Amino acid sequence: MEKKENVVLDVVKANGKAYINLQPLVGSYSIEYIEHIDRLLFDGIKSEKTYMPPWVVLPSVPSKVEVLTRQPNINHRYELADVSLKSDRIPLIIEKGKTLEGETMAEWFCQISSLYIEKSDPQPDKLVPVSAEFNILMEIEKISFADTTSPIFPSIKNAENQLIDKIMFPPITLPEKPCRLSSKESYNIIREYVKRNINSDVAKITSDYDFCFSVGKKIILLDKEGYTVDVNASFFGRKKRPKYETRYRKERISPIFEMTYSPENYKGYTPIQGFTGNNHKDLQENIEKYLKKLMEDINRPLKDCPHCNGMGVIIDKKTKTPQPDVSQDNPSVRMGGMNR
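Report on the accompanying structure. (Residues numbered from 1 in each chain as written. Predicted model: local features only at pLDDT ≥ 70, side-chain atom pairs only at ≥ 80, totals over all residues. Heavy atoms only, no water.)

Regarding its fold elements, the chain presents six helices and 20 strands. The buried share of the chain, taken over its 340 residues, is 37%. Of all intrachain contacts in the chain linking residues separated by at least 6 positions in sequence, the fraction that spans at least 24 positions is 64%. For the chain, the accessible surface area stands at approximately 21000 Å², while carbon and sulfur atoms represent 50% of it. (Helix = DSSP H or I, 4+ residues; strand = E, 2+ residues; numbered from the N terminus. Buried < 20%, exposed > 50% of the residue type's maximum accessible area, 1.4 Å probe, protein only. Contact = heavy atoms within 4.5 Å. Areas by Shrake-Rupley, 256 points an atom, 1.4 Å probe, with all protein chains shown as cover.)

In structure tokens form, the structure reads like this:
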């Protein structure tokens, strides 16, 4: 392996650990050697990946770096595919590059090459020292990383930070800084979460597009409501005489939630505000609280109030759905997004 010049690896100390930027290693050593982070050893152990590559985390600042390097195969040869063909002119094994007296390997082997299989033997990987030193950029108490197992995590890791923070601080520290999601990203999170968690027995998605989304509550009617339909009507035009039939509906749909996003601002819909947080973990918690409260509202069963003649509704006391905290002092549960 060709000797490389010394590389300097930036380090941030936080959470009682050392976060190291491996980018200079990737630039100094070819992909042949730094193909996978798992092939790098720091004081004999592997690093742990973060969700902000090429930063990795170690228990402490290491004293040495090594890379587990693949070695070239040895004992290159040709082996006879069918051993029953072995003879004086057709040996069992031919060493690659061997010559015969009176004729060259190429002339002779060309006639029988189809009888052989090319083989070689691998060598074990070799630990090669990496000439590296560590530059400690800063030490901070903590970095608040988001939970990578959460379904909303892909959005969290792409949250936007303030420009001044991106200029002043190493990338690995940005999860600890104030952050936000765009209105569009927030719209997508809410839309997908509602679609996955809506109780179709009590609520219905009435609009579902990239630019607008709405949900209606199914409210059980106190008395069945009759309506007339032409059962012979067709989308392709009338081919039969009208035939009317009376049917009855047991529920009505009442709007419960609607949104669009900025700057789309689809007419008649409320633009959702982007979620915000003091850091990645706080942003994730704010979103999860909002989604939980929203689904409690959407999935709470309702029915017509018998005292209001269809002008009001009551909560079905038989349901086990817990009652939400609707305090307006809690911004994480307001309809329309987070206000921080």
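Okay, helix 5 (residues 183–197) next. Between its first and last C-alpha, helix 5 extends 21 Å over 15 residues, near the 21 Å set by a 1.5 Å rise per residue. For helix 5, every residue scored as buried is listed here: S183, S186, Y187, I189, I190, R191 and V194. (Expected span 1.5 Å × (residues − 1).)

Moving on: the packing of helix 5 against helix 6 (residues 280–298). Between helix 5 and helix 6, the least distance of the axes is 11 Å, while the angle of their chain directions is 45 degrees. As far as their axial angle goes, helix 6 and helix 5 are oblique. In this structure, helix 5 crosses over helix 6, and the sense of that crossing is right-handed. Of helix 6, the residues touching helix 5 (which contributes I189, I190, Y193, V194 and N197) are I287, Y290, L291, L294, M295 and I298. In the contact of helix 5 with helix 6, the residues fall into 10 nonpolar, one polar and no charged. (Axes fitted to C-alpha atoms, helices over the stretch in contact; angles between N-to-C directions. Parallel < 35°, antiparallel > 145°, perpendicular 65-115°, else oblique. Left-handed = near helix turned anticlockwise from the far one by under 90°. Nonpolar A, V, L, I, M, F, W, Y, C, P; charged D, E, K, R; others polar.)

Sheet analysis places strand 7 (residues 74–80) next to strand 9 (residues 116–121), joined by five bridges and oriented antiparallel. Paired with I74 across the two strands is D121, which belongs to strand 9. When strand 7 meets strand 8 (residues 93–95), the two strands line up antiparallel, connected through three bridges. What sits directly across from R77, in strand 8, is E95. (Pairing = 2+ DSSP bridges.)

Scanning the model with the defined rule gives 11 salt bridges in all. The salt bridge partner of D208 is R191, with a shortest N-O separation of 2.7 Å. Taken together, the residues span a long stretch of sequence, with D208 in strand 14 (residues 203–208) and R191 in helix 5 at a distance of 17 residues. Residue class for R191 comes out buried when judged on its relative accessible area of 11%. Close ionic contact of D297 with R300 constitutes a salt bridge, the shortest N to O distance being 2.8 Å. With relative accessibility at 11%, the residue D297 sits in the buried group. A relative accessible area of 15% means that R300 is categorised as buried. One salt-bridge network, held together by shared partners, links R191, E192, K195, D208 and D210. (Salt bridge = Lys/Arg side-chain N within 4 Å of Asp/Glu carboxyl O.)

The strand order across the open sheet built from three strands is 8-7-9, with neighbouring strands paired in antiparallel fashion. Two strands in the sheet have a free side with no partner beyond their single neighbour: strand 8 and strand 9. Between one strand and the next, the sheet's axes are offset by a mean angle of 30 degrees, whatever the strand orientation.

We describe a pair of aromatic rings using the distance from one ring centre to the other and the angle between the two ring planes. In total, this model carries eight aromatic pairs according to the counting rule given. Considering the side-chain rings of Y266 and Y269, the 5.7 Å spacing of their centres and the 45 degrees angle between planes classify their relative orientation as tilted. Ring pairing ties together the aromatic residues Y19, Y51, F145 and F153, which thus form one cluster. K177 extends its terminal NZ or CZ atom over the ring of F169, reaching a point 3.8 Å from the ring centre. (Phe/Tyr/Trp six-rings, centres within 6.5 Å; stacked < 30°, edge-to-face > 60°. Lys NZ or Arg CZ within 6 Å of the ring centre and 35° of its normal.)

This paragraph deals with the sheet that holds strand 10 (residues 126–130). An order of 3-6-10 is seen for the three strands of this open sheet, with the pairing classed as antiparallel. At either margin of the open sheet sits one strand with a lone partner, and together these are strand 3 (40–42) and strand 10. On average, each strand axis in the sheet is tilted by 30 degrees relative to the strand beside it, whichever way the strands run. Bridge analysis of strand 6 (residues 65–69) against strand 10 gives five bridges, and the strand direction is antiparallel. What sits directly across from L68, in strand 10, is L127.

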